[in-house]
Amino acid sequence: MPSQTRALFELTRLHWFPVGCDFMFWPFGWAFLSVAYRLALPVNEVIKTTLFFALLGILVHSAGCVLNDMLDCDLDRKIERSRGRPIASGVVSRTKASMLLAALIAPLFYLFSTCGTKAFTLGVVAFPVCIVTYPLMKRWMNWPSLFLGFATSWAVPGTWVTMTDHYNWGMILNIAIASCCWTCIYDTIYACQDIKYDEKAGVKSMPVHLGKAIRPVLTLFDATFFVCLLWAGYLNDQRLPFYMMSVLTPFLLCLWHIWSFDHNDPGDCWKKFTVRLAAIAIYHNFDMHGTPGRSPRRGDGLRWIDC
């Protein structure tokens, strides 16, 4: 692959795939799989729609990474791990990065347009408000990882209204809060890789701000994740396997990561950050054994994605 093409590819972080992309996919995935169980969707429809939201998540994540590097190139040059990134190192110009960003946003908004008026409106508003502002939070607040959790969780109401054409706020809020907490936990672990450089560069981050309190605070987020998934399962009439595999097991795995990772060892932080894929893979929200015999719940509509 030519160096310039390779640099543009790295700008999207797709060379890490699926690491990173899952941050944006799973808010879509958790919401959709909850709807799929609720409405007893056939397996072929689940697979097709999951792939649709996976593509949507990849495009949002890639566009967000390009934008992040455009806004953060000055800060990236001060951090050991990020100073070799394409824009910070001067391999890719801002002009070319802007062209790449436009090439990612065009299909992204086309996909949004197939999701119905409500979801499209939400996507058009949420993308600039949430995704565009996240890189700036490292300059303005001490909790940027929490803001990232909020920024990715806008996908939950968007997905729900895409599939049902209405908002079920009980389900939406519990899934969104759980998603926010999960993202915050692992992004904070990821941010520990740069804690020494962030302090010197004046970059605001949760590891720098929390110091020795990082483990108790992340444990609180994990407990919130657990409670919200429990309540979402109750509201969705989930069965026992859901609570064992999709609530208790991820909760315990996150808890182990929180109390076992070495925040002074960048290598261990990266390892725990990537191992989280095992946690989300456990999330079998769509109970394959329960679906065929279920009937859609009364009052739940279904809107098929026009794609």
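Residues numbered from 1 in each chain as written. Predicted model: local features only at pLDDT ≥ 70, side-chain atom pairs only at ≥ 80, totals over all residues. Heavy atoms only, no water.

- Per an unreviewed UniProt entry, the recorded name for the protein is UbiA prenyltransferase, and the organism is Suillus discolor.
- Turning to the protein, the UniProt annotation filed under Subcellular location (unreviewed entry) states: "Membrane".
- As recorded by UniProt, the Sequence similarities (unreviewed entry) comment attached to the protein reads in full: "Belongs to the UbiA prenyltransferase family." (UniProt positions renumbered as here; feature names shortened; annotations may be inferred.)

## Quick look at the UniProt feature "transmembrane region" (unreviewed entry) in the protein
Link 1 in the chain: Residues annotated by UniProt as "transmembrane region" (unreviewed entry) correspond here to residues 16-39, 51-71, 91-113, 119-136, 169-192, 213-234 and 240-259.
Link 2 in the chain: For residues 51-71, helix accounts for 100% and strand for 0%, while the C-alpha atoms at its two ends are 30 Å apart.
Link 3 in the chain: Secondary structure content for residues 91-113 is 87% helix and 0% strand, and the end C-alpha separation is 34 Å. (Helix = DSSP H or I, 4+ residues; strand = E, 2+ residues; numbered from the N terminus.)

## Overview of empty space enclosed by the protein
Empty pockets left among the atoms are what a rolling probe the size of a water molecule brings to light.
Link 1 in the chain: For the structure shown, the criterion picks out three cavities of 30 Å³ or more.
Link 2 in the chain: Approximately 740 Å³ is the volume attributed to the largest cavity.
Link 3 in the chain: Listed by contribution, the elements that provide at least two residues to the lining of the largest cavity are helix 2 (21-39), helix 3 (43-76), helix 6 (134-140), helix 7 (144-153) and helix 9 (169-191).
Link 4 in the chain: For the lining of the largest cavity, the element with the highest residue contribution is helix 3, accounting for eight residues.
Link 5 in the chain: Tallied by class, the residues present in the lining of the largest cavity amount to 18 nonpolar, eight polar and 10 charged.
Link 6 in the chain: Lining the second largest cavity are 13 residues, with Phe28, Phe112, Trp154, Gly158 and Thr159 sitting closest to its centre.
Link 7 in the chain: Among the elements of the structure, helix 3, helix 5 (117-132) and helix 8 (155-164) are those that each provide at least two residues to the lining of the second largest cavity.
Link 8 in the chain: In terms of residues, the lining of the second largest cavity owes the most to one element, helix 8, which gives four residues.
Link 9 in the chain: By residue class, the composition of the lining of the second largest cavity is nine nonpolar, four polar and no charged. (1 Å grid on protein atoms, 1.4 Å probe; cavity = no way out; pocket = protein on both sides within 12 Å on 5 of 7 lines; lining within 4 Å. Points joined across faces, edges and corners; volume = space filled by probe spheres on them. Nonpolar A, V, L, I, M, F, W, Y, C, P; charged D, E, K, R; others polar.)

## Remarks on the side chain of Asp72
Link 1 in the chain: Note that Asp72 resides in helix 3.
Link 2 in the chain: Here Arg139 takes part through its side chain, which lies 2.9 Å from a polar atom of the side chain of Asp72.
Link 3 in the chain: With sequence-adjacent residues up to four places away left out, Asp72 is seen in contact with Pro135, Lys138 and Arg139. (Polar contact = N/O pair within 3.5 Å; in protein donor to acceptor, adjacent residues only side chain to side chain. Contact = heavy atoms within 4.5 Å.)

## Quick look at the layout of surface pockets
Link 1 in the chain: For the second largest pocket, the calculated volume is near 200 Å³.
Link 2 in the chain: Forming the walls of the second largest pocket are 15 residues, and the residues nearest its centre are Cys130, Phe150, Ser153, Trp154 and Pro157.
Link 3 in the chain: If one sorts the elements of the lining of the second largest pocket by residue count, helix 9 sits on top with six residues.
Link 4 in the chain: Class assignment for the residues of the lining of the second largest pocket results in 14 nonpolar, one polar and no charged.

## Considerations on the packing of aromatic side chains
Link 1 in the chain: In the structure shown here, the tally under the stated rule is 19 aromatic pairs.
Link 2 in the chain: Centroid distance Phe109 to Phe112: 5.6 Å. Interplanar angle 90°. Geometry classified as edge-to-face. Residue Phe109 and its partner Phe112 are both found in helix 4 (residues 94-113); the two are separated by three residues, about one turn of the helix.
Link 3 in the chain: The class for Phe109 is partly exposed, based on a relative accessible area of 22%.
Link 4 in the chain: Overall, Phe112 belongs to the buried group, its relative accessible area being 4%.
Link 5 in the chain: Three or more aromatic residues link up through ring pairs in this structure, and these residues are Phe28, Phe32, Phe52, Phe53, Phe109, Phe112 and Trp154.
Link 6 in the chain: In this structure, Arg215 packs its charged tip against the face of Phe261, placed 4.9 Å from the ring centre.
Link 7 in the chain: One residue, Lys272, lies across the ring of Trp256, its end atom 5.7 Å from the ring centre. (Phe/Tyr/Trp six-rings, centres within 6.5 Å; stacked < 30°, edge-to-face > 60°. Buried < 20%, exposed > 50% of the residue type's maximum accessible area, 1.4 Å probe, protein only. Lys NZ or Arg CZ within 6 Å of the ring centre and 35° of its normal.)

## Concerning the packing of helix 4 against helix 5
Link 1 in the chain: One can describe the packing of helix 4 onto helix 5 by two numbers: an axis separation of 8 Å at closest approach and a directional angle of 145°. Crossing of helix 4 over helix 5 shows right-handed handedness. Within the contact between the two elements, helix 4 uses Ile105, Leu108, Phe109, Phe112 and Ser113 and helix 5 uses Phe120, Gly123, Val124 and Phe127.
Link 2 in the chain: Grouping the amino acids of the contact of helix 4 with helix 5 by side-chain chemistry returns seven nonpolar, two polar and no charged. (Axes fitted to C-alpha atoms, helices over the stretch in contact; angles between N-to-C directions. Left-handed = near helix turned anticlockwise from the far one by under 90°.)

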